[in-house]
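Structural overview
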Amino acid sequence: MRTDTPHTIYRKDYASPSFFVDTVEMGFDLDPDATIVATRLTMRRNPASRGKTLVLYGESLRLVALRMNGKALSKRAYTLGHGTLEIANPPDEVVLEIETVTQPSQNTSLMGLYVSNGNFFTQCEAEGFRKITFFPDRPDVMATYKVMLRADKEKYPVLLGNGNLVEQGDLGDGRHYAVWEDPFRKPSYLFALVAGNLVCQEETFRLQDGRDALLQVWVEEGNLDKTQHAMESLKNSIRWDEERFGLELDLDRFMIVAVSDFNMGAMENKGLNIFNTKYVLANPRIATDVDFANIESVVGHEYFHNWTGNRVTCRDWFQLSLKEGLTVFRDQEFSADMIGTDSGRAVKRIEDVRVLRQAQFPEDAGPMAHPVRPDSYVEINNFYTVTIYEKGSEVVRMYQTLLGRDGFRKGMDLYFQRHDGQAVECDDFRRAMADASGRNLDQFELWYSQAGTPRVTVATRYDEMSNIYTMSFTQSCPPTPGQPKKLPFHIPVAVGLLDSSGRDIPLRLQKGGTEGSSEGVHANDPAPTTMVLELTQQTQTFDFVGVLEQPVPSLLRNFSAPVVLEYDYTDAELGFLMANDSDPFNRWEAGQRLALRRMLSLVREVKQGAALDASLLDTALTDAFRVTLTDTSLDPAFRELALTLPSESVVAEQMEVVDPQAIHAVRRFLRRSLAQALRAEWLAAYEANLTPGEYSPDAESAGKRGLKNLALSYLLDLDESDGHQLAQSQYDAANNMTDRLSALGALVNSSAPGREDALARFYDEFENEALVIDKWFSLQAVSYNTDVEAVRALMRHPAFSLKNPNRARSLIFSFCSGNPAQFHAPDGSGYAYWAELVITLNALNPQVAARLARVMDRWRKYEPALQRNMRNALEDVAAAKSLSKDVLEVITKSLAN
Ligand code: B3K
Ligand code: ZN
C-alpha cells in the first residue's frame, strides 16, 4: 500500500521493453504462510529499445536470492526501488534466477497468489504476476512457461497450471508435484496456478478439425451437482467460435476452476480459466434464470478471450478495450445466437443497451469519464470499466453495422492473419477492418480517443408536393475531463419510416442532392426498409423521395450507435411506434421514451409541491402498457422489458439536479397506478405464464417466468392481502430459485405479515449455499424497507464477511448503488456509511474498495444539501491514512473540478 501522491501513467510515454523474455521456468513450494518461488528467466536485449537498464517489477515479495548468468548478484549490482528491481547495464543475453517468498494466507487483495477456503489460486491481470515474482510484468513481454508445483499431497491433491500436464509424481515426505508446460507464448497476466482439494466434471469433446479436447470444470467437493450448465456453456462456446469466426481451441485441455473469493467475474488465463463461483455453479435449486444466462455469457466471454486477448493480446494496458470490447461483443453475439429467434436477439440487445445506459452513460458524463482507449491512468485496475467493456463492445458492433456481417468477418480474419502471437493496439484492429473492406475508417478513430456520449438531434420535414421527407441530423458531444472540445464522430444511424397503417415504407434517397446523401448509405436492395445513414459531419441532411404520406420515423434502429438520440416525438407517435415498429428494439424504446417523459414531468410536479394522485395521470401510458401486456403475439421476455419502467438511475441521468426521493416516489407511484389500472391484466398475465413441470432455464421458459414475476411485483406494489397470498403461495410451491426469489423479493418489499418468516425460512434452507446467502443479503439491501441502520445490523449477522468480495458486494454495494432512496437519506447517514466502508475495505482489498468508491461519482448532480453531505464523505475518505492508489485515484478525480 502506498501513501505518496499517485503517479500518472501516460499512453504517449509508451516505450518498448529493454529486454524480452523467451522462456520462464518456475518452481513453487506451496505453503500458505511462506510459498517459495524459484524463477529462471532467459532474456535478451531488445535491439529497438533505447533503455539500457533491465527493469523488473515486484510487490509484497521477499527477495531471497538473485543470480545472473550463473553468478550471485551482489547488493550493489541491482537496485530495489518502489515496486521495481533494476539491473544497470546487463549483457545482451541474460539468464536470471530469482528466489522470492510470498505469504498467500495473508493476501486479502486477491491479486497474485492467495488462499481461498484453504486452496491456492492466482489472479495476475492486470499487474498481479509481480506479486509472485520479479518480472517485466507488462503485456508486450511474451514468453513460454514451464511450471513445477510442489505441495502437501493430502491437503492439495490437485495441482493445476496453464497448458499441458507433462509430468507428475510423489516427492516422498507426504508431498507431490506436477509439471505444466504451456506451448503458447503469453504475457504474464495470463499466468495461473491452482492447488487444492478440488473435484471435477470432465468430458472429451470433438473439435471441428477432428482432435479431441479434454474439458474440465473444477469445484470444491459438494458442488459437482452444479457444474453441468457451465460445461454445456463451454461446449456451446467452442462450437460457436468455430462456426461464426472459424476459430478453434488450440489446446488439448481446457479447464475452468471455481473460486469463492474473487475480485471480479472470471479470468481468461491460458487453458486454466479461473471463475468466481457465481459464474459457474448452477442448478435449479440455487440459481435464477439470470444466473443461468450470466454463466453462459461469462463462460463464453472467457473462452472467446483465447483468441481475442490471448493469441492476440494488448501492447499496453491503454489498449485494454482491444480485447475486452471485442470479447464482450463476441459474448453478446454468442448469447443472442444461443437464443436463436429474432425476437430473442432483440431481447438480448435491449438488455445490453439497458446496461450501457444505466452504467456507461453516467460514467461517460462523470468525473471518471475516459475514452475507450484511455490516455492516462493512475491504477489500471480502475479502468476495467463499463466504458472499456460495454462501450468498447458498441464500438466493435458499429464496424459490423458499417461493414455488414461478412465484411466484419473478413476484417476479423485479416486481424488474426496479421497479428496472431502479437501484442497490438486498437489501431491495428481498426486497420484490419479498413483494409479488409476497403473502407476509410480514419474518422472512426475518434470513437477510441474521445470520451463522452454523443448527442444526435433530429429534425424532420415532409413536403407533400414533392413527396420528399427530409431528415436533418446535428451531432455534438459534451466536454469530458481533459477534453473540452470534440470533433464529429462517424455515426451509423439505422432508420426506417412507417406509413399510417404502421407498415415500413421502402426507402429511396435523393441522388446527388443533399449533403452526404449517397455515400452515406449502403444497402444492396434498391429500396430497403431500413437504411444505415452515416453521419460524419456536425450537421447533415438526407432526403427520402417517393414518400407518399407523412411518415413516422423510426430512428437509431437496433441502437445502431452508442449515442443519445433526440427527436420531438408526440405521445401519439410514441404509442404508434410502440404498437407497430418492425424494429423490436424501437418498439421497446418508444415505450421507454413515453414512460420517461411521464416520470420526468411527475418529478417536476412533485418538486413544485403537488401530491402524487391519480389526477396527475393521463391514460396514454396506461393504454400503451395495456396494449403491450395483452398482446400475446409478443414474446413474454419482450413484454417484460417493455413493461419495466426506466430505472431510477436512468431518470436521474435525465435531470439537471437530481432529487432521489422525488424520483423514487414517482416511480413507485407510477408502478402502483399501473398495477391498479391493469390489475386484471396483470393477474391474467400471471396465470398465462406459469411454467409447470420440470424447470428449464431456456430463453422461452425464462421469459415466461420473467413476465409472470414482473406481474407479481406490480401486484405486490398494491400491498394488499390478495397479492401477499399470491406471493406466499408462489414461494411455498416454487421448484426453482427464480420463482422463489421473486416471491421473496416481492414479499420483502411489501408489508405482508409473512415477510420476516419467509426470510428466516429462506436463510435456514440455504444456509450452506454461499451464493444463495448472497442473494438473501442483497434482496434485503435493495428493499424499500431497508435503511442504513438495518444494513449495519445485517453486517453483524454471523454470515456476513467483508473479506469475501461476493458477500461484501451483496450487502454494501447493493445498498449503496441499488437502493437510492435509502442511500441518499437527507441526513447523510448513507454517505457516512459509505465513507466508513470504503476506508475499511481499502485496507483489505483496494480493488473492491475502489469499486465502492465509484458509487459517489455523480455527486455534483445532486441537490445542494445532498451535495454538501456527499462532499464531506468524499473528503473524509480523502483524509484517511494509507489509501491505496486505487481508491486515491477515484476520490481525487471525483473531487477535482
Ligand atoms: N480479463 C479479466 C478482468 C481482469 C480484471 C483485473 N482487475 C476478466 C475478463 O474481462 O474476462
Ligand atoms: Zn474480458
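Residues numbered from 1 in each chain as written. Chains lettered and ligands numbered in written order. Predicted model: local features only at pLDDT ≥ 70, side-chain atom pairs only at ≥ 80, totals over all residues. Heavy atoms only, no water.

Strands sit in the order E30-E26-E25-E32 across an open sheet of four strands; the sheet is mixed. The open sheet has two edge strands, strand E30 (539–544) and strand E32 (564–566), and neither has a second partner. On average, adjacent strands in this sheet sit at an angle of 20 degrees to one another, irrespective of strand direction. Judged from the six bridges that link them, strand E26 (residues 468–476) and E30 form a sheet pairing that is antiparallel. Opposite Met471, over in E30, you have Phe542 as the bridge partner. (Pairing = 2+ DSSP bridges. Helix = DSSP H or I, 4+ residues; strand = E, 2+ residues; numbered from the N terminus. Axes fitted to C-alpha atoms, helices over the stretch in contact; angles between N-to-C directions.)

With that out of the way, let us pick up the coordination of the zinc ion (ligand 2). Coordination sphere of the zinc ion (ligand 2), protein contribution only: His301 (NE2), His305 (NE2) and Glu324 (OE), at 1.9 to 2.0 Å. When its relative accessible area of 1% is taken as the criterion, Glu324 is described as buried. (Donors = N, O, S within 2.8 Å, 3.2 Å for Na, K, Ca; no water. Buried < 20%, exposed > 50% of the residue type's maximum accessible area, 1.4 Å probe, protein only.)

Moving on, we get to the pattern of salt bridges. Under the definition given, this model contains 73 salt bridges. Among the salt bridges present, the one from Arg244 reaches Asp337, with a minimum N-O distance of 3.1 Å. Remark: Asp337 occurs in helix H3 (residues 320–339) and Arg244 occurs in helix H1 (residues 228–245); sequence separation between them is 93 residues. For Asp337, a relative accessible area of 24% translates into the label partly exposed. With a closest N to O distance of 2.5 Å, Lys775 and Asp291 form a salt bridge. Linking Lys775 in helix H19 (residues 770–781) with Asp291 in helix H2 (residues 289–304), this pair joins segments that are 484 residues apart in sequence. Just as Lys775 is buried, Asp291 falls in that class too. Among the ionic contacts, a cluster of salt bridges with common partners joins Arg244, Glu333, Asp337, Arg345 and Arg397. (Salt bridge = Lys/Arg side-chain N within 4 Å of Asp/Glu carboxyl O.)

Our focus in this paragraph is the site of ligand 1. Of all residues adjacent to ligand 1, which total 15 residues, the nearest are Glu125, Glu268, Glu302, Asn381 and Tyr389. Measuring from an oxygen atom of ligand 1, one finds a side-chain N or O atom of Glu302 at 2.8 Å. Glu324 has a polar side-chain atom sitting 2.9 Å from an oxygen atom of ligand 1. Compared with its free state, where it exposes 330 Å², ligand 1 has 95% of that area covered by protein. Of all elements in the fold, only strand E20 (266–267), H2 and H3 reach the threshold of two or more residues within the shell around ligand 1. Broken down by class, the residue content of the shell around ligand 1 amounts to six nonpolar, four polar and five charged. (Near = heavy atom within 4 Å. Polar contact = N/O pair within 3.5 Å; in protein donor to acceptor, adjacent residues only side chain to side chain. Areas by Shrake-Rupley, 256 points an atom, 1.4 Å probe, with all protein chains shown as cover. Nonpolar A, V, L, I, M, F, W, Y, C, P; charged D, E, K, R; others polar.)

Once that is clear, we can look at the UniProt feature "domain: Peptidase M1 membrane alanine aminopeptidase" (unreviewed entry) in the chain. Under the present numbering, the feature "domain: Peptidase M1 membrane alanine aminopeptidase" (unreviewed entry) in UniProt falls on residues 230–444. Secondary structure across residues 230–444 divides into 56% helix and 9% strand, with the first and last C-alpha atoms of the span separated by 37 Å. (UniProt positions renumbered as here; feature names shortened; annotations may be inferred.)

A separate point is the nonpolar core. Of all hydrophobic cores here, the largest spans 210 residues; its most connected members are Phe408, Phe429, Phe473, Phe544, Ile812 and Trp834. No other element matches helix H5 (residues 386–419), which puts eleven residues into this core. When residues no more than four places from it in sequence are discounted, the contact partners of Phe544 are Asn467, Ile468, Tyr469, Met471, Val495, Leu497, Leu507, Arg508, Leu509, Met531 and Leu533. Judged by nonpolar contacts, the second largest core, of 70 residues, contains Leu66, Phe121, Val147 and Phe383. (Core = buried A, V, L, I, M, F, W, Y, C linked by side-chain atoms within 4.5 Å. Contact = heavy atoms within 4.5 Å.)

Moving on, we get to the side chain of Thr308. Topologically, Thr308 is positioned in the loop between H2 and strand E22 (313–314). Of note is the side chain of Thr308, whose polar atom sits 3.0 Å from the backbone oxygen of Phe304. Setting aside residues no more than four positions away along its own chain, Thr308 makes contact with Lys323, Leu326, Thr327, Arg330, Met412 and Phe416.

With that settled, consider the domain arrangement of the chain. Examined at the domain level, the chain breaks down into domain 1 (313–449), domain 2 (455–562) and domain 3 (772–897). Taking the mean C-alpha position of each, domain 1 and domain 2 sit 24 Å from one another. In this complex, domain 1 contributes 21 residues to the contact, which on the side of domain 2 involves 18 residues. With both sides pooled, the region where domain 1 packs onto domain 2 buries about 1700 Å², and carbon together with sulfur makes up 64% of that total. The interface formed by domain 1 and domain 2 includes one salt bridge. Residue Glu534 is joined to Arg439 by a salt bridge in which the shortest nitrogen-to-oxygen separation is 2.9 Å. At the junction of domain 1 and domain 2, the tally comes to seven residue pairs in polar contact (both at pLDDT 80 or more). Looking at the side of domain 1 that touches domain 2, the elements that each hand over two or more residues are helix H4 (342–364), H5 and helix H7 (446–449). When residues in the side of domain 1 that touches domain 2 are grouped by element, the largest group, six residues, is from H4. Looking at side-chain class alone, the side of domain 1 that touches domain 2 contains eleven nonpolar, four polar and six charged residues. (Domains from an automatic or database assignment. Buried area = accessible area lost by both parts, 1.4 Å probe.)

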